[in-house]
Amino acid sequence: MGAALTRYRAIAWIVGVVLILLVVVGMPLKYAFDNPVVVETVGPAHGFLYMIYLVAAFDLSRRADWPLKRMLLVMLAGTVPFVSFYAERRVTGWVSRPVERTPEPVAS
């Protein structure tokens, strides 16, 4: 599962940086200065990278046996600026330190 986590962490950072570039630089340039060049180039790149992010998040969630709700929340983290960084830290914690399961009582 270590390789899946590494792939997820790398793409989460890449998607986060590209999304911030798109929102912080591209959108103001497009709407305030009527210069859509950044949005036209970075937008499709973010879309492609987000698809890779979804695949990496799905792969990791299946290997870690997460519930559907957690998997969907992690997948949505790539759509909101800065949230992918937070999600990456949380996911790393979940995978590195899985929740200890209480042993089932032995029937006498």
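That block above? That's the structure.
Owing to the predicted nature of the structure, the values given are computational and were not obtained by experimental measurement.

Bringing the pattern of salt bridges into the picture now. This structure, assessed with the given rule, holds four salt bridges. A salt bridge links Glu-88 to Arg-9; the shortest N-O distance between them is 2.4 Å. Linking Glu-88 in helix H4 (residues 83-96) with Arg-9 in helix H1 (residues 2-33), this pair joins segments that are 79 residues apart in sequence. Residue Arg-9 is classed as partly exposed on the basis of its relative accessible area of 31%. When salt bridges that share partners are traced, they join Arg-7, Asp-59 and Arg-63 into one network.

Our next topic: helix H3 (residues 68-76). Every α-helix winds through 3.6 residues per turn, so residues three or four apart in the chain are directed the same way. Regarding H3, the residues found buried are Met-71, Val-74 and Met-75. Across the axial projection of H3, the buried residues extend over an arc of 100°, all falling on one side. Looking at H3, the residues exposed on the side facing more than 90 degrees away from the buried face are Lys-69, Leu-73 and Leu-76. Along its buried surface, H3 packs onto H1, helix H2 (37-64) and H4.

Nonpolar side chains in soluble globular proteins tend to end up buried together. Counting 26 residues, the largest nonpolar core has Tyr-8, Tyr-53, Leu-60, Val-74 and Val-91 as the members making the most contacts within it. Residue assignment for this core shows that the elements contributing at least two residues are H1, H2, H3 and H4. Ignoring anything within four residues of it in the chain, the contact list for Tyr-53 reads Tyr-8, Ile-11, Ala-12, Val-15, Val-74, Met-75, Ala-77 and Gly-78.

Conventions and cut-offs
- Residues numbered from 1 in each chain as written.
- Predicted model: local features only at pLDDT ≥ 70, side-chain atom pairs only at ≥ 80, totals over all residues.
- Heavy atoms only, no water.
- Salt bridge = Lys/Arg side-chain N within 4 Å of Asp/Glu carboxyl O.
- Helix = DSSP H or I, 4+ residues; strand = E, 2+ residues; numbered from the N terminus.
- Buried < 20%, exposed > 50% of the residue type's maximum accessible area, 1.4 Å probe, protein only.
- Arc of directions from axis to C-beta.
- Contact = heavy atoms within 4.5 Å.
- Core = buried A, V, L, I, M, F, W, Y, C linked by side-chain atoms within 4.5 Å.

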